[in-house]
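Residue-level listing of the chains:
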Amino acid sequence: MSGTIQVACCRGCGGPLETDLADLGTMPLANRLVDPADAAAIEPAYPLRARVCSRCMLVQLDVTVPPERLFGEYVYFSSTSKAWVEHARHFVDEAARRFGLDRDSLVVEIASNDGYLLRHVVERGIPALGIEPAANVAAEARRRGVPTEQRFFSRRTAEDLVGRGLKASMIVANNVLAHVPGLVDFLAGVALLLAPEGVFVAEFPHLRELIAGDQFDTIYHEHVFYLSLLALEPLLRAAGLSLFDVERLPTHGGSLRIFAARTDRRRPESGRLAAVRSLERDAGLDRLQTYAAFGERIEPVRRSLRGFLAGARARGRGVMAFGAAAKGITLLNYCGVTRRDIPAIVDETPAKQGKLIPGSHIPIVGLDQLAAQRPDFVLILPWNHKDEIAAKLRRLRGWSGELVLPVPRTEVLAAA
Ligand code: DWN
Ligand code: ZN
């Protein structure tokens, strides 16, 4: 496949990739939405297979698509979720207090998206710099008053920034570590850009929750890695970074927020690190058979969704979906869901409306279509935002159907 890179050895330690966590076959790029005018064109599709390293347990796709093709223009705007913006504001307040961030500090966010987090740093009068590769999204951040450079982050980027006299008091990297094929080089750049007393804070979906919650729909080409502390810690150490704290978060299906410092300025470890390490051992993340067994947990999710849709159709009940999330598009395509099952997906992201999802070409429409089409059921594809979305839809005038979640099994939500 043009431009893709296939590896037979682990990107972290060079170990063998012999065990599948999941093989989802050949899939289109989840966020490569289709313009209706191009609907007849052949869509690029690539193998989507997550494998685990037999040596370091790092889970990774063995075929990756060039980041430029995934993130050159991007359709995911973090600020669409108010809850996510609030989550970011709360973090900035806490971090500013804990690490004494002030006018003499510099906060750098890598993959800063539309300024959803750095806007709160700027509001506190703390110098901020966003590094964001997607031109359209970076432009939105600048419109919000967030200084943003449109580029990918790497060791070279760090050398350039340090060469300009910049050193970061805090580097934030939320939901980006999983997206970077060159993770070892990326982390070396973090260590280089950090000021001596600087801290590196990163959030990522926790592999333990993916396995425990049958969250196979979070496996898509943007996510090169599926991270555990067990596999990530050696990569941090190799880059000259040492963990000193970790938080478990409910976001994106269950995430970790790690805190690291330069190893030459290491800080005492919090007890929370030992707790997460033992949590991962209890979940069997140090044993290959844990990963090998995950594949058989995918079919029940698929069967459950197809059964629900067939039942609704047999009873003449209409179904629409809400949230053209990358995970939702992966789920629908893998489960063979067509426009016959779901005639439209509602999404509030302007850049997504009017487009078709790749593969099944289900159209993405605005919120007004819920009251217009009055479906009996709305399937919430970004189940990770279920509370925010359920509250919003229950307040919606002109629609009073039932809400449905597809993962880990398709279930109709009880009325509020
Ligand atoms: O890692 C990633 C995560 C953090 O975000 C990226 N690879 C891309 C993205 O993944 P995703 O698309 O699965 O993320 P979400 O946040 O689950 O997507 C939510 C979708 O739902 C977006 O298209 C926005 C939409 N939405 C909406 O229209 N109204 C979401 C909410 C909460 C709403 O109220
Ligand atoms: Zn490895």
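How each quantity is defined
Residues numbered from 1 in each chain as written. Chains lettered and ligands numbered in written order. Predicted model: local features only at pLDDT ≥ 70, side-chain atom pairs only at ≥ 80, totals over all residues. Heavy atoms only, no water. Donors = N, O, S within 2.8 Å, 3.2 Å for Na, K, Ca; no water. Tetrahedral: all angles 85-135°; square planar, octahedral: opposite > 155°, others 65-115°. Helix = DSSP H or I, 4+ residues; strand = E, 2+ residues; numbered from the N terminus. Buried < 20%, exposed > 50% of the residue type's maximum accessible area, 1.4 Å probe, protein only. Pairing = 2+ DSSP bridges. Right-handed = clockwise from strand over helix to strand, strands pointing away.

Honestly, the coordination of the zinc ion (ligand 2) in this entry has me stumped. Any pointers?
Octahedral metals with six donors have ideal donor angles of 90 or 180 degrees. Tetrahedral metals with four donors have an ideal donor angle of 109.5 degrees. Looking at the zinc ion (ligand 2), one finds its protein donor set to be Cys10 (SG), Cys13 (SG), Cys53 (SG) and Cys56 (SG), positioned 2.2 to 2.4 Å from the metal centre. Around the zinc ion (ligand 2) sit 4 donor atoms; with metal-centred angles ranging over 96 to 117 degrees, the donor geometry is tetrahedral. Sequence positions of the donors to the zinc ion (ligand 2) reduce to the motif C-x2-C-x39-C-x2-C. With cysteine 13 in the loop between β1 (5-6) and β2 (17-28) and cysteine 53 in strand β3 (residues 45-53), this pair connects stretches of sequence that are 40 residues apart. The exposure class assigned to cysteine 13 is partly exposed, which follows from its relative accessible area of 29%. Residue classification places cysteine 53 among the buried positions, given a relative accessible area of 0%.

In this structure, what is going on with the pairing of β3? I would like to understand it.
Residues in a regular strand project their side chains so that they alternate between the two faces of the sheet. Taking burial as the measure, the 9 residues of β3 include 7 buried ones, the bulk of the element. Sheet topology note: the β2/β3 ladder contains 8 bridges and is antiparallel. In the sheet register, aspartate 20 faces β3, and the bridge partner there is arginine 51. What sits between the antiparallel neighbours β3 and strand β4 (residues 59-61) is a turn of 5 residues, in which methionine 57 has the positive phi angle 70 degrees.

Before we go on, may I ask you to explain the sheet that holds strand β14 (residues 319-322) in this structure?
Hydrogen bonding along the main chain pairs the strands of a sheet, whether they run parallel or antiparallel. What the 6 strands build is an open sheet, ordered β16-β15-β14-β17-β18-β19; its pairing is mixed. Every interior strand has two partners, whereas the edge strands, β16 (364-365) and β19 (411-412), have only one. Pairing analysis gives 4 bridges linking β14 to strand β17 (residues 377-380), with the strands arranged parallel. Bridge pairing links valine 319 to phenylalanine 377 in β17.

Is there a simple way to think about the pairing of β14 in this case?
Both faces of β14 are covered, namely the face carrying Val319 and Ala321 and the face carrying Met320 and Phe322. Here β14 runs beside strand β15 (residues 345-346); their pairing, made up of 2 bridges, is parallel. The residue bridging phenylalanine 322 from the neighbouring strand is valine 346, located in β15. As for the winding sense of the linkage, the β-α-β connection from β14 through helix α12 (residues 326-334) to β15 is right-handed.

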